[in-house]
Amino acid sequence: MSEKAILEIDGEKYEFPVLRGSENEIAIDIKSLRSATNGIITLDSGFKNTGSCESKITFLDGEKGILRHRGYAIEDLTKKANFLEVAYLIIFGELPTKVQMKTFENDIKKESMVNEEMKDIIDGFPKVAHPMGILSSLTSALTAFDPETVDVTSEEEMYNAIVKLMGKFPVLAAWAHSKTQGLPLNYADNSFNYIENIMHMMFKIPTEKYKMNPIAVKALDELLILHEDHEQNCSTSTVRIAGSSEASLFASVSAGVSALWGSLHGGANQAVLEMLKDIRNDGGNVEKFIARAKDKNDPFRLMGFGHRVYKNFDPRARIIKQAADDLFEDLGTTDPVLAIAKHLEEVALKDKYFAERKLYPNVDFYSGIIYRALGFPVEMFTVMFAIGRLPGWIAQWREMRLNHEPIGRPRQLYTGYSLRDFKNFDER
Ligand code: ACO
């Protein structure tokens, strides 16, 4: 028997179907709410209780700290697969065979050139521009150089758009970095793999041969896998909603880059490192900053703590903490900021305020420390997150288009003035 939810408004009862996901999550299908009730809507600011779509890509359970892509545990994927392999899985639904993997990788490599005229756009940015702003603009600009809209009924056209973006996006990200550093713009070297090329394009300077560090490549590969998808987060929802108007893949992903930029989302990794440096410059008094985070009159929040969905722990944070330890051990170095981060985490986790609100370190808490060890300046941290998240944005855009989802257009509860008489200037 099918399950139903009953809503009673002013003595009138309305029935709505109850849907169950493959992990037994329950959703009330309110599609018919407005028509059945003559215009009543639900109000849920921040969408804390609202599912915007059905999706087969990522499952996460915030209470149990579970994250899986297409059924595979994140812990397995980070240890057993590489970034592009997970990207293929997330986008197309299955782990690639060896042949599919090779083809995907080669097709992406073939697309790693960017129209030279893009450099004119970069020239227009001041050197102080934030690389996320540059990346968002350049991603959108790709549309100008490839104005054909993708026929979503054609597997081939969809595939071509996907490999194009996968190939060009890291180049644009590296160019955003080079621009802000005053360095020449590098192209990929197709004898390297995807992750090696990111390091190469970011750090190769004309006067020296770039020496690839396999430890750094391994750490970056693992870190970027952890960022690949995270179901309907702010930037992904942005990509889906922009794409639902039939905006191109490039334009939709550009919107996602902008959404990721904010300090409550991907921008948190930059904010964490700045906070840790502030604590260090202030003499390392962790307790003082914890007290500030708890003070409701102080807008300061402990960056890298808390998550909309994870209310137990963020499984990615656990893996990243270990990855940071491994990296420093492999490199034979250390970072005083890591010690502050660990101390801060220890103190916060013992504190009633954080325990009661189920605030735990999130993915951003340790990622910046790794990026810093790899040589990325703080402003590039969120750009690196964007490179990691790209396959997720693409997968979610593809799924949304293939499902022929309607244009995203929420309703509102109007709380402004009722009709007023217009006032001339002398009456105002
Ligand atoms: N420091 C101090 N207090 C916090 C923090 C924090 N980092 N996060 C939440 N709280 C408190 C809030 O003040 C609130 O307290 P109250 O109930 O006494 O009013 C309570 O915890 C619940 O917080 P909300 O903001 O309602 O939780 P929400 O789910 O809306 O926000 C968010 C989640 C935005 C991630 C929040 O925890 C935050 O601002 N964290 C810091 C920024 C950050 O690290 N963002 C990265 C998220 S992960 C990612 O995007 C990849």
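Residues numbered from 1 in each chain as written. Predicted model: local features only at pLDDT ≥ 70, side-chain atom pairs only at ≥ 80, totals over all residues. Heavy atoms only, no water.

Re the overall build of the protein
Secondary structure summary: the protein contains 18 helices and 6 strands in total. Rg of the C-alpha trace for the protein: 23 Å, near the compact-globule value of 22 Å for 428 residues, within the 12% margin. C-alpha extents for the protein along the principal axes are approximately 75 × 65 × 55 Å. Expressed as a percentage of the 428 residues in the protein, the buried residues total 48%. Taking the contacts inside the protein whose residues are at least 6 apart along the sequence as the reference set, 71% of them involve residues at least 24 apart. Carbon and sulfur atoms provide 51% of the accessible area of the protein, an area that totals close to 22200 Å². In the protein, 52 side chains carry a positive charge and 61 a negative one; their mean positions are 3 Å apart. (Helix = DSSP H or I, 4+ residues; strand = E, 2+ residues; numbered from the N terminus. Rg over C-alpha atoms; globule rule 2.2 N^0.38 Å. Buried < 20%, exposed > 50% of the residue type's maximum accessible area, 1.4 Å probe, protein only. Contact = heavy atoms within 4.5 Å. Areas by Shrake-Rupley, 256 points an atom, 1.4 Å probe, with all protein chains shown as cover. Lys, Arg positive; Asp, Glu negative; His and termini not counted. Charge placed at Lys NZ, Arg CZ, Asp CG, Glu CD.)

Some remarks on the packing of helix α6 (residues 131-145) against helix α18 (residues 381-402)
One can describe the packing of α6 onto α18 by two numbers: an axis separation of 8 Å at closest approach and a directional angle of 35°. Residues Pro131, Met132 and Leu135 of α6 form the contact with α18, whose own contacting residues are Thr382, Val383 and Ala386. Considered class by class, the residues forming the contact of α6 with α18 number 5 nonpolar, 1 polar and no charged. (Axes fitted to C-alpha atoms, helices over the stretch in contact; angles between N-to-C directions. Nonpolar A, V, L, I, M, F, W, Y, C, P; charged D, E, K, R; others polar.)

Topic: helix α14 (residues 315-331)
Relative to the 24 Å expected for 17 residues at 1.5 Å per residue, α14 spans 24 Å between its end C-alpha atoms, a close match to the ideal helical length. All buried positions along α14 are accounted for by Pro315, Arg316, Ala317, Ile319, Ile320, Ala323, Ala324, Leu327 and Phe328. Considering only its buried residues, α14 is in contact with β5 (66-69), α2 (74-80), α9 (214-226), α15 (336-350), α17 (364-374) and α18. Where α14 ends, the next residue or the one after it, glycine 332, has phi of about 70°, a positive value. (Expected span 1.5 Å × (residues − 1).)

Details of the site of the ligand
Around the ligand, the surrounding shell holds 22 residues, and the nearest of these are His265, Arg301, Leu302, Gly304 and Tyr353. Lysine 48 is positioned with one of its side-chain polar atoms (N or O) 3.4 Å from an oxygen atom of the ligand. At 2.9 Å from a nitrogen atom of the ligand is found a main-chain nitrogen or oxygen belonging to phenylalanine 305. Contact with the protein chains covers 78% of the free accessible surface of the ligand, which is 920 Å². (Near = heavy atom within 4 Å. Polar contact = N/O pair within 3.5 Å; in protein donor to acceptor, adjacent residues only side chain to side chain.)

Section: the sheet that holds strand β1 (residues 4-9)
Read from one edge to the other, the open sheet built from 3 strands follows the order β1-β2-β3, with strand pairing classed as antiparallel. Since the sheet does not close on itself, it has two edges, and those belong to β1 and β3 (26-28), each with one partner. Across this sheet, the average inter-strand angle for adjacent strands is 30°, counted without regard to direction. (Pairing = 2+ DSSP bridges.)

Focus on the pattern of salt bridges
Under the defined criterion, the tally for this structure stands at 23 salt bridges. One salt bridge in this structure joins aspartate 314 and arginine 316, with 2.9 Å as the shortest N-O distance. A relative accessible area of 2% places aspartate 314 in the buried class. Salt-bridge contacts for aspartate 335 lead to arginine 372; the nearest nitrogen and oxygen are separated by 2.8 Å. Taken as a pair, aspartate 335 in the loop between α14 and α15 and arginine 372 in helix α17 lie far apart in primary sequence, 37 residues in all. Judged by relative accessible area, aspartate 335 falls into the buried class, the value being 7%. Linked through salt bridges whose partners overlap, the residues forming this network are Arg240, Glu399 and Glu405. (Salt bridge = Lys/Arg side-chain N within 4 Å of Asp/Glu carboxyl O.)

Concerning the sheet that holds β5
With antiparallel pairing, 3 strands are arranged side by side in an open sheet as β4-β5-β6. The sheet is open, and its two edges are formed by β4 (58-61) and β6 (72-73), each paired on a single side.

Observations regarding a negative patch on the surface
A contiguous patch of negative charge, built from Glu148, Asp151, Glu156 and Glu157, is present on the exposed surface. Locating glutamate 157 in the fold gives a position in helix α7 (residues 155-181). On the basis of relative accessibility, which here comes to 33%, the residue glutamate 157 falls in the partly exposed class. (Patch = residues over 30% accessible without salt bridge, like charges linked within 9 Å, V, L, I, M, F, W, Y side chains within 5 Å.)

So, helix α12 (residues 268-281)
Between its terminal C-alpha atoms α12 stretches 19 Å, which fits the 20 Å expected from 14 residues at 1.5 Å a residue. Inspection of α12 places Ala268, Asn269, Gln270, Ala271, Val272, Leu273, Met275, Leu276 and Ile279 among the buried residues, and these make up the whole buried set. Those residues of α12 that are buried are in contact with α13 (286-294), α15, α17 and α18.

Concerning the nonpolar core
Core analysis: the largest hydrophobic core is formed by 119 residues, its most contacted members being Met166, Phe169 and Leu302. Per-element tally for this core: the top contributor is α7, with 13 residues. Apart from residues lying up to four places away in sequence, phenylalanine 169 is in contact with Leu135, Thr139, Val253, Val257, Ala386, Ile387, Leu390 and Trp393. (Core = buried A, V, L, I, M, F, W, Y, C linked by side-chain atoms within 4.5 Å.)

Overview of the pairing of strand β2 (residues 12-20)
Where a strand is regular, its side chains alternate between the two sheet faces. Strand direction decides the pairing type here: β1 and β2, joined by 6 bridges, are antiparallel. Following the sheet pairing, leucine 7 is matched in β2 by tyrosine 14. Where β2 lies against β3, 3 bridges are found, and the strand directions are antiparallel. Pairing of arginine 20 across the sheet is with isoleucine 26, part of β3.

With respect to a positive patch on the surface
Side chains of Lys48, Lys296, Arg301, Arg308 and Arg357 sit close together on the surface and give a patch of like positive charge. Within the secondary structure, lysine 296 sits in the loop between α13 and α14. Judged by its relative accessible area of 65%, lysine 296 falls in the exposed class.

Notes on unusual backbone geometry
Even without a glycine there, the phi angle at asparagine 38 is positive, about 65°. Within the element layout of this structure, asparagine 38 appears in the loop between α1 (33-37) and β4. Assessed through its relative accessible area of 73%, asparagine 38 is described here as exposed. Although it is not a glycine, phenylalanine 47 adopts a positive phi angle of roughly 50°.

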